[in-house]
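Fold and contact review
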Amino acid sequence: MTVRKLSISVPPEVEELIKAAAEAQGTSVSAWLADAAVARARQAARDAQGVAAAEALLAEAVAEHGGQDVVAYRSEARDLLRRNGLLGDAVDDFRSAG
């Protein structure tokens, strides 16, 4: 596998947390950081899917019901997506969007 080297800057306390976590898992700092980055990127993609799905549900509900009680539609869509694991950290972004 081809790999590329990155340089990152973190505060000393973060460095210690990372090193301790990598050691606890019996892996290198590089491997631990790569795994953490992949997990975070995947979560961001799931959050984006959740927001897109919520917007589609909202648009469908508004089209079907004439736009009345939009706040309730948003709340229902958000709850549905959260229960199905499609909405994580993006909940605040979704709330502020509307």
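As the structure is a prediction and not an experimental result, all values here were calculated from the model.

1. Considering the confidence of the model for the protein chain
Regions with low pLDDT should not have their predicted coordinates read in detail. Of all residues in the protein chain, 84% have pLDDT values of 70 or greater, and the mean over the chain is 81. Put simply, helix H4 (residues 91-96) is where the protein chain has its lowest mean pLDDT, 49, and helix H1 (residues 12-24) is where it has its highest, 97.

2. Observations regarding helix H2 (residues 29-65)
Each α-helix winds once per 3.6 residues, and so residues spaced three or four apart point in a common direction. Its 37 residues give H2 an end-to-end C-alpha distance of 53 Å, which sits within 8% of 54 Å, the value for a rise of 1.5 Å per residue. Taken from the residues just after H2, Gly 66 is the one with a positive phi, measuring 75°.

3. Overview of the pattern of salt bridges
Evaluation of the coordinates by the stated rule reveals 1 salt bridge. Residues Glu 15 and Lys 19 are paired through a salt bridge, measuring 2.8 Å at the closest nitrogen-oxygen approach. Taken as a pair, Glu 15 and Lys 19 lie in helix H1 at a separation of 4 residues, close to a single helical turn. Accessibility expressed as a relative area gives 40% for Lys 19, which makes it partly exposed.

4. Some details on the side chain of Asp 47
Relative to the elements of secondary structure, Asp 47 occurs in helix H2. It is Arg 46 that comes nearest to the buried, bridge-free Asp 47 among opposite-charge side chains, at 6.2 Å. There is a polar contact of 2.8 Å between the side chain of Asp 47 and the side chain of Gln 43.

5. Examining a nonpolar patch on the surface
Residues Leu 6, Ile 8, Val 10 and Val 14 make up a contiguous nonpolar surface patch of roughly 370 Å² in combined accessible area. As for its placement among the helices and strands, Val 10 is situated in the segment before H1.

6. Examining the environment of Ala 48
Looking at the secondary structure, you find Ala 48 in helix H2. A relative accessible area of 46% means that Ala 48 is categorised as partly exposed.

7. Notes on the layout of surface pockets
Roughly 430 Å³ of volume is contained in the largest pocket. Lining the largest pocket are Met 1, Thr 2, Val 3, Arg 4, Lys 5, Leu 6, Ile 8, Ser 30, Ala 31, Leu 33 and Ala 34. By residue class, the composition of the lining of the largest pocket is 7 nonpolar, 2 polar and 2 charged.

Conventions used here
- Residues numbered from 1 in each chain as written.
- Predicted model: local features only at pLDDT ≥ 70, side-chain atom pairs only at ≥ 80, totals over all residues.
- Heavy atoms only, no water.
- pLDDT = per-residue confidence, 0-100.
- Helix = DSSP H or I, 4+ residues; strand = E, 2+ residues; numbered from the N terminus.
- Expected span 1.5 Å × (residues − 1).
- Salt bridge = Lys/Arg side-chain N within 4 Å of Asp/Glu carboxyl O.
- Buried < 20%, exposed > 50% of the residue type's maximum accessible area, 1.4 Å probe, protein only.
- Lys, Arg positive; Asp, Glu negative; His and termini not counted.
- Polar contact = N/O pair within 3.5 Å; in protein donor to acceptor, adjacent residues only side chain to side chain.
- Patch = residues over 30% accessible without salt bridge, like charges linked within 9 Å, V, L, I, M, F, W, Y side chains within 5 Å.
- Areas by Shrake-Rupley, 256 points an atom, 1.4 Å probe, with all protein chains shown as cover.
- 1 Å grid on protein atoms, 1.4 Å probe; cavity = no way out; pocket = protein on both sides within 12 Å on 5 of 7 lines; lining within 4 Å.
- Points joined across faces, edges and corners; volume = space filled by probe spheres on them.
- Nonpolar A, V, L, I, M, F, W, Y, C, P; charged D, E, K, R; others polar.

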